[in-house]
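One letter stands for each residue in the lines below.
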Amino acid sequence: MNFTPFINIHKSLGAKLHEFAGYYMPIEYSGITDEHLTVRNAVGVFDVSHMGEIWVKGPKAFDFLQRMTTNDLTGLPYGKAQYTCLPNGKGGIIDDILIYHYEFQKYLLVVNASNLEKDWNWLNDNNKEGVEMDNASEWMAQLAIQGPKAIDVLQKLTSINLSELKYYHFTVGEMAGVEEVIISNTGYTGAGGFELYFSPEYGEKIWNTIFEAGEQFGIKPIGLGARDTLRLESGFCLYGNDIDETTSPIEAGLGWITKFVDGKNFIDRPLFERQKAEGVYRKLVRFDLTERGIPRQGYTIVNETNDVIGRVTSGTILPGTQTGIGMGYVATQYAKSGSVIYIDIRGKKIQAKVK
């Protein structure tokens, strides 16, 4: 079992801890509903130090990443991040990742914790360009400060004008008295905010300073439970649930990060081009139940006449409204916004509408 630099803090705060991706992680503190609403209305702090970080460097770093990922790195300036995925050569997704263009011939890849070893091996096995790679995961901690008040909290702790840090951009500078912190504006909650990357040795100092600065704004620690409900409400995919090695980015609604530009001969390009041109048999959708119920992963999705048309990949009750929401793959003809579908919940057909 691995631990983040904040494990003792989580224990002292009474967090419910559980194994996740090989780490002992906080699932909740005050409760998922309270934590979800805190992030939506104020500000919360997530320990996401379990995520993996891989540096890719050298004269051929751009060429290597252009071939390995679906999105187009052309024109990605220093200080900007990009959401993309690693195709597996069989039409599936090895992982969905972030790429930070850190400086000349140097990129930072942020990968899912559960896929770190797999990603690392895949990148090394396909390193035809001879780029230099460094798995820096053990030497980088990460906190996500999310919510509409996140900027008010963090601006007290840095001279960097955070209002000028646009979405999917980042900078490097002093934060909470610590130098060389990567300050990023990407987010996985749909509530706005920032991510901080820094050396684990400064973890406790940064955590305590942030919470002191955020006290007046009602800041709270947030667990992975609320992280899941927040991302699901915003329609963000979770690897292992909504995307995996059997789903293509075209099926998953990730055509916008699959770029067929001249000269970008990435893995699985011919297959994905064909899927985009000819269409796919299923598509990932976000849906809301119109009746009471909880759509669970694996539940069957049916149509009006009880024909099976798909399955649920993620589902929950939305804190606050108590509406059942979820994501799932359905036959393409049912994927249009406003389409009526039904979730088979323990033998009862519960109506839902595609978002």
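Residues numbered from 1 in each chain as written. Predicted model: local features only at pLDDT ≥ 70, side-chain atom pairs only at ≥ 80, totals over all residues. Heavy atoms only, no water.

**Things to note about the packing of aromatic side chains**
Counted according to the given criterion, the structure contains 13 aromatic pairs. Ring centres of W55 and Y102 lie 4.9 Å apart, and the angle between their planes is 80°; on these two criteria the pair is classed as edge-to-face. Of this pair, W55 sits in strand β4 (residues 52-57) while Y102 sits in strand β6 (residues 93-103), and the two are 47 residues apart along the sequence. Seen from their ring centres, F260 and F266 are 6.0 Å apart, and the 25° between their planes marks the pair as stacked. Looking at F266, the relative accessible area reads 3%, which means it is buried. (Phe/Tyr/Trp six-rings, centres within 6.5 Å; stacked < 30°, edge-to-face > 60°. Helix = DSSP H or I, 4+ residues; strand = E, 2+ residues; numbered from the N terminus. Buried < 20%, exposed > 50% of the residue type's maximum accessible area, 1.4 Å probe, protein only.)

**Some details on helix α7 (residues 224-233)**
The buried fraction of α7 is high, at eight of 10 residues. Taken residue by residue, α7 has L224, G225, A226, R227, T229, L230, R231 and L232 as its buried positions. Positive phi appears at G235, one or two residues downstream of α7, with a value of about 80°.

**Some points on the environment of I343**
Locating I343 in the fold gives a position in strand β18 (residues 340-345). For I343 and G310, which are 33 residues apart along the polypeptide, the C-alpha to C-alpha distance reads 9.3 Å. If sequence neighbours within four positions are ignored, I343 has contacts with F287, L289, P295, Y299, T300, I301, V312, K348, K349, I350 and A352. (Contact = heavy atoms within 4.5 Å.)

**A closer look at the pattern of salt bridges**
Across all of its chains, the model carries 11 salt bridges by this definition. With its nearest N and O atoms 3.3 Å apart, the salt bridge here joins E273 to R269. Of this pair, E273 and R269 both sit in helix α8 (residues 269-278), four residues apart, which is roughly one turn of that helix. Judged by relative accessible area, which is 12%, R269 ranks as buried. Each member of the salt-bridge network shares a partner with another, and the members are D228, R231 and D242. (Salt bridge = Lys/Arg side-chain N within 4 Å of Asp/Glu carboxyl O.)

**Remarks on the packing of helix α2 (residues 32-41) against α7**
Two elements in contact, α2 and α7, have axes whose closest approach is 8 Å; the angle formed by their N-to-C orientations is 55°. On the basis of their axis angle, the class for α2 and α7 is oblique. α2 and α7 meet at a crossing whose hand is right-handed. Contacts between α2 and α7 pair I32, E35, H36, V39 and R40 from the former with G225, A226, T229, L230 and E233 from the latter. (Axes fitted to C-alpha atoms, helices over the stretch in contact; angles between N-to-C directions. Parallel < 35°, antiparallel > 145°, perpendicular 65-115°, else oblique. Left-handed = near helix turned anticlockwise from the far one by under 90°.)

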